[in-house]
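The lines below spell out each chain.
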Amino acid sequence: MPRALVTGITGQDGQYLAELLHQKGYEVFGLVKGQNNPRTVLLQEEFPFVEVVGGDLADLSSLVAALESTQPDEVYNLGAISFVALSFRQPELTANVTGLGVLRMLEAIRMVGGADNNPIRFYQASSSEMFGKVRMTPQNEETPFYPRSPYGVAKVFGHDITVNYRDSYGLFACSGILFNHEGPRRGLEFVTRKITNAVARIKLGLQQELALGSLEPQRDWGFAGDYVQAMWLMLQHDEPQDFVVATGQTHSVREFVELAFRAAGIDDWARYVRQDERFMRPAEVDLLVGDAGKARRLLGWAPTMAFPELVETMVSHDIELEQRKERNRRR
Ligand code: GDR
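Residues numbered from 1 in each chain as written. Predicted model: local features only at pLDDT ≥ 70, side-chain atom pairs only at ≥ 80, totals over all residues. Heavy atoms only, no water.

### Considering the overall build of the protein
A tally of regular secondary structure across the protein gives 11 helices and 15 strands. Taken along its principal axes, the extent of the C-alpha atoms in the protein is 60 × 50 × 40 Å. Contacts in the protein between residues at least 24 apart in sequence constitute 77% of all its contacts with a sequence separation of at least 6. A total of about 14900 Å² of accessible surface is found on the protein, and carbon and sulfur atoms cover 48% of it. With 35 positive and 43 negative side-chain charges, the protein shows a separation of 6 Å between the mean positions of the two kinds. (Helix = DSSP H or I, 4+ residues; strand = E, 2+ residues; numbered from the N terminus. Contact = heavy atoms within 4.5 Å. Areas by Shrake-Rupley, 256 points an atom, 1.4 Å probe, with all protein chains shown as cover. Lys, Arg positive; Asp, Glu negative; His and termini not counted. Charge placed at Lys NZ, Arg CZ, Asp CG, Glu CD.)

As structure tokens, this is what we get:
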């Protein structure tokens, strides 16, 4: 039975990846930080097959201990301060966890290593935010980075140190440069889920308006369930390499809003949406669109869910969720 250790297992991608690995017959270990972390209980309820291991990307010795106790074949580093807006408010924490955390895990892997004939394979969750103020469109593995947030800067460090450890020590380390990926499990702080949840609540008369920052940024939005497949495929490839994972289509926040309201049967969306300075960023990433040609050619990966279906899936999920919550509240 192959063994995988996943950091960031309580997040959206951690959940999809845990399911995928479980289906593939892996023993799945999830690194969870803190004492009495409430997310651990939820994780164990929903994913009872995941074995929780204590540890923190800010603490090297805890990572060494986690690797020693779980002896994984594969490590997926999805843990991070992943909300770009938060990284402007807590830049030092972001650099420490999202940036240095990668170095700590790589060092831990170098120390523990895995069996001689079976070295630990490492996946780093890199991000399209590294392209920031884009130098080329579409963006691929060769596109230079120009991050626009402390989060993006920290991810560039994580990416570069992953490449460096592969070059220097021959580690089987891959960096997946994933463009935005969404789904019903997305956290409510991210714009897609914030929109679909608000649309559901407006539809049900539970909320009157939706306050957003800029509607102009354009993103290459895919389905998270598809993207975790790409992570796994990278670690099964015969050579460790870096891959862009994207749909190749881009849409503005405004288009997402329009489509989400329409999916709930509301055409006059503009009367519900208010622009709010609080959700604007000190520096914005205006346009992202990825070229995943290399992943398609070498890994045989392709996205399965198109943008309209993604939006509709998220809206109908949130309508059902909010209806259920209302029913429980009235009981
Ligand atoms: P992003 O995702 O920053 O692209 O990073 P997010 O959904 O937070 O923002 C997307 C775009 O929407 C604009 N926006 C708003 N964003 C939020 N969250 N809330 C708002 O009210 C709002 N109004 C407008 C943003 O300014 C931005 O342009 C995500 C994260 O998951 C990263 O961790 C990951 O690396 C990248 O995607 C790929």
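Now that the structure has been shown, the text picks up again.
### Digging into the domain arrangement of the protein
Here the domain parsing of the protein yields domain 1 (3-182 + 221-245) and domain 2 (191-218 + 250-288 + 305-330). Each of domain 1 and domain 2 was reduced to a C-alpha centroid, and the two centroids are 28 Å apart. Taken together, the contact between domain 1 and domain 2 spans 19 residues of the former and 17 residues of the latter. Each partner contributes to the roughly 1500 Å² buried at the junction of domain 1 and domain 2, and carbon and sulfur atoms together form 69% of this total. Taken together, domain 1 and domain 2 are joined by 0 salt bridges. Mapped by element, the contributors of at least two residues to the side of domain 1 that touches domain 2 are helix H4 (84-89) and strand E12 (222-223). Per-element tally for the side of domain 1 that touches domain 2: the top contributor is H4, with 3 residues. For the side of domain 1 that touches domain 2, the residue count by class is 9 nonpolar, 6 polar and 4 charged. (Domains from an automatic or database assignment. Buried area = accessible area lost by both parts, 1.4 Å probe. Salt bridge = Lys/Arg side-chain N within 4 Å of Asp/Glu carboxyl O. Nonpolar A, V, L, I, M, F, W, Y, C, P; charged D, E, K, R; others polar.)

### Notes on unusual backbone geometry
Note the cis peptide between threonine 137 and proline 138, where omega equals -5 degrees. Position of proline 138 relative to the elements: it lies in the loop between strand E7 (121-127) and helix H6 (150-169). Phi at asparagine 36 takes a positive value of approximately 60 degrees, unusual for a residue other than glycine. Here asparagine 36 is to be found in the loop between strand E2 (27-32) and helix H2 (38-46). Unusually for a residue other than glycine, glutamine 71 sits at a positive phi of about 45 degrees. The residue glutamine 71 is located in the loop between helix H3 (60-70) and strand E4 (74-77) in this model.

### Focus on the confidence of the model for the protein
Confidence along the protein averages 97 in pLDDT terms, with 100% of residues attaining 70 or more. Per-element averaging of pLDDT across the protein places strand E5 (residues 114-115) at the bottom with 69 and strand E13 (residues 243-245) at the top with 99. (pLDDT = per-residue confidence, 0-100.)

### Description of the packing of aromatic side chains
Applying the stated criterion across every chain yields a total of 12 aromatic pairs. Pairing phenylalanine 261 with tyrosine 272 gives two aromatic rings, centres 5.8 Å apart and planes at 15 degrees, and the pair type is stacked. Residue phenylalanine 261 is located in helix H9 (residues 253-263), and its partner tyrosine 272 is located in the loop between H9 and strand E15 (273-275); the two are separated by 11 residues in the primary sequence. Here phenylalanine 261 and tyrosine 272 have matching classes, each one buried. Among the aromatic side chains, those forming a connected cluster through ring pairs are Phe131, Phe145 and Phe179. Its end group placed over the ring of phenylalanine 172, arginine 121 keeps NZ or CZ at 3.8 Å from the ring centre. Between lysine 294 and the ring centre of phenylalanine 243, over which it is positioned, the NZ or CZ distance is 4.7 Å. (Phe/Tyr/Trp six-rings, centres within 6.5 Å; stacked < 30°, edge-to-face > 60°. Buried < 20%, exposed > 50% of the residue type's maximum accessible area, 1.4 Å probe, protein only. Lys NZ or Arg CZ within 6 Å of the ring centre and 35° of its normal.)

### Things to note about the nonpolar core
If you look at the biggest cluster of nonpolar residues, it comprises 62 residues, and the most contacted ones within it are Tyr76 and Phe261. Per-element tally for this core: the top contributor is helix H8 (residues 224-236), with 8 residues. Taken domain by domain, this core gets at least three of its residues from each of domain 1 (3-182 + 221-245) and domain 2 (191-218 + 250-288 + 305-330). Sequence-distant contacts of tyrosine 76, that is, excluding residues within four places in its chain, are made with Ala4, Leu5, Val6, Thr7, Leu17, Leu21, Tyr123, Met231, Trp232, Leu235 and Gln236. Within the second largest apolar cluster, 24 residues are counted, among which are Ala66, Leu67, Met105 and Ala108. (Core = buried A, V, L, I, M, F, W, Y, C linked by side-chain atoms within 4.5 Å.)

### Regarding the sheet that holds E2
Within a beta sheet, neighbouring strands are joined by backbone hydrogen bonds and run either parallel or antiparallel to one another. Strand order in the open sheet formed by 7 strands is E3-E2-E1-E4-E7-E8-E13, and the pairing between neighbours is parallel. A strand with exactly one partner marks an edge of an open sheet, and here the two such strands are strand E3 (51-54) and E13. Taking the axes of each pair of neighbouring strands and ignoring which way they run, one obtains an average angle of 25 degrees across the sheet. In this structure, strand E8 (residues 172-178) lies alongside E13, joined through 3 bridges in parallel fashion. If you follow glycine 176 over to E13, its bridge partner there is phenylalanine 243. (Pairing = 2+ DSSP bridges. Axes fitted to C-alpha atoms, helices over the stretch in contact; angles between N-to-C directions.)

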